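These are the residues of each chain, in order.
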Amino acid sequence: MAKPTKISPFHLPSILRLEKNPLLALDLFRNPNPSPSTSRTPRFRYSARSYDLIITKLGKARMFPEMEEVLSQLLLDTRVSPREPLFCHVISFYGRARLADRAHHTFDQIPSFRCPRTIKSFNSLLDAFLQCRNLEAIRSLIRDVDAGEFNPDACTCNILIRAFPDSARFLFDEMRRRGIPPTVTTFGTLIAILCDKSKVHDAFRVKEMMLNSYNMEPNAHVYTTLIKALCNKNELDLALKLKEEMMSDKELGLDSAVYSTLIRAMFRAGRKGEVVDILEEMKKNGVKPDTVAYNAMIAGFCTDEKDFDAAFEVLNEMEKNGCKPDVVSYNIIIAGFCKEGRWREAYDLFDDMPRRECRRDVVSYRTLFEGLCNAREFKEAVLVFDEMLFKGYVPRAESLKKFLEGINGEGDGVSVESTLRRLVEVNALELSMWEKAVGDVLKDSQQGKIAELVDCLILD
């Protein structure tokens, strides 16, 4: 047998990079050369790159206890001086996981790792707090900036503008007062905020400011944001004109998202005939319709045209073109059927989803359950409710209210008490609330009391 090749500190990073499974990567990191150790066996010398790779893999997989274990090892390994971007990644992992305290702790620890802190890690912490919606913590951090520990840059200002959209104009003016040049991201953020507030014409003025005052070309994100805003205001002709302007810049490139927005807007505006032209243009420009574009057409046919045969034709067209319909595709049709009171067809499609190799999600269950409750088909709704809870899903509060009122009035062998007990079993309702409902609220079987109860429930 050939003698196993010994892994050196130089080769370990390459092997770690190729390993996709974070658990196997961690085992390899912990024991790169499995063999009986002796007192003469030299300690493996890990490189900064090896630490960086394994910590990043564990963070992406949200294996935080294992990640912290490696960080503790790195803290004690005084031969290695990690770089700040590693800690920026760790802070970002915690931010995405809504673990604000852990993100802050990591930021505070950076100097202990023989690594200086700069505005980069500060910005990572700001962004983590924003993802956690911890605005008070952001305000507290900004006081540290004002105290002079860090000099804010454009990234700092961009995060603050996103965090406090109502103060966007003040923050932008303050940015210029401090001599911090705005970036394309700054203008993109301002334009997005104005569009969200339906101030589309003000957003266009910001776009002109980019060009005329800062000689800065809008990027694809700016154009896409403006096109979506115009479509939402039913200013389709202006949206199409902006699309043409976007096409004139070959560096921007139109993608399926822009076309999908236009397709949906055309259906809403009653301009279904122009969808064919859009599809032809996509083909001409080499933009292959993706699931989002097809779903926009399905939504148009179901919601605006009430043409379900055409919606199913789009499903067939998707499969023919190698674009597999996703759960959103089916949920749109189910919702359309339910809205039209065609609950039986909605139920049939819901049942058929597994055969079509599409896994039903919480929206599938909630949509059908709500449609059945609206149609007062409570016998069928009970079946969906039971399966929903078995899957770990709970209905929306408004749907549950209708359901409880319905079964309370019609019976059908299902009681309000037993229904609420099921919610207790899946941890969607506290036992104390169930006991209060049975003992106090439901004893007189008043629908108003049921509504009062459901309003107290915390249901996503």
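As a reminder, the structure under discussion sits directly above these lines.
Residues numbered from 1 in each chain as written. Predicted model: local features only at pLDDT ≥ 70, side-chain atom pairs only at ≥ 80, totals over all residues. Heavy atoms only, no water.

S.K.: What am I meant to see in the packing of helix H19 (residues 327–339) against helix H21 (residues 362–374) here?
M.R.: Each pair of packed helices can be described by the angle between their axes along with the distance between the axes. At a minimum axis separation of 9 Å, H19 and H21 run at an interaxial angle of 5°. Classified by the angle between their axes, H19 and H21 sit roughly parallel to one another. The residues of H21 that touch H19, namely those facing Val327, Asn331, Ile334, Ala335 and Cys338, are Val363, Ser364, Thr367, Leu368 and Gly371. A class-by-class count of the residues in the contact of H19 with H21 yields six nonpolar, four polar and no charged. (Axes fitted to C-alpha atoms, helices over the stretch in contact; angles between N-to-C directions. Helix = DSSP H or I, 4+ residues; strand = E, 2+ residues; numbered from the N terminus. Parallel < 35°, antiparallel > 145°, perpendicular 65-115°, else oblique. Contact = heavy atoms within 4.5 Å. Nonpolar A, V, L, I, M, F, W, Y, C, P; charged D, E, K, R; others polar.)

S.K.: I'm lost on the nonpolar core in this one. Help?
M.R.: The tendency in soluble globular proteins is for nonpolar side chains to be buried side by side. Ranked by size, the top nonpolar core spans 137 residues in total, and within it Ile55, Met67, Ile138, Leu262, Ile298, Ile333 and Phe403 carry the most contacts. Ranked by residues supplied to this core, first place goes to helix H17 (residues 291–305) with eight residues. (Core = buried A, V, L, I, M, F, W, Y, C linked by side-chain atoms within 4.5 Å. Buried < 20%, exposed > 50% of the residue type's maximum accessible area, 1.4 Å probe, protein only.)

S.K.: Would you explain H19 in this entry?
M.R.: An α-helical turn contains 3.6 residues, so a residue and the one three or four places further along point in the same direction. When the terminal C-alpha atoms of H19 are compared, their 18 Å separation across 13 residues agrees well with the 18 Å that a helix rising 1.5 Å per residue should span. Of all 13 residues in H19, 10 are buried, a share of seventy percent or more. Among all positions in H19, only Val327, Ser329, Tyr330, Asn331, Ile332, Ile333, Ile334, Gly336, Phe337 and Cys338 are buried. On the buried face of H19, the contacting elements are H17, helix H18 (308–320), helix H20 (343–352) and H21. N-capping of H19 is provided by Asp326, with a side-chain oxygen placed 3.2 Å from the backbone N of Val328. Looking one or two residues past H19, Gly341 carries a phi angle of roughly 75°, positive in sign. (Expected span 1.5 Å × (residues − 1). Polar contact = N/O pair within 3.5 Å; in protein donor to acceptor, adjacent residues only side chain to side chain.)

S.K.: Please explain the pattern of salt bridges as it appears in this structure.
M.R.: Charged atoms that come close allow side chains of opposite charge to pair. Inspection of the entire model under this criterion finds 31 salt bridges. Here Glu208 makes a salt bridge to Lys207, at a shortest N to O gap of 3.8 Å. The class of Glu208 is partly exposed, set by a relative accessible area of 35%. Residue Lys243 is joined to Glu244 by a salt bridge in which the shortest nitrogen-to-oxygen separation is 2.9 Å. Residue classification places Lys243 among the buried positions, given a relative accessible area of 2%. (Salt bridge = Lys/Arg side-chain N within 4 Å of Asp/Glu carboxyl O.)

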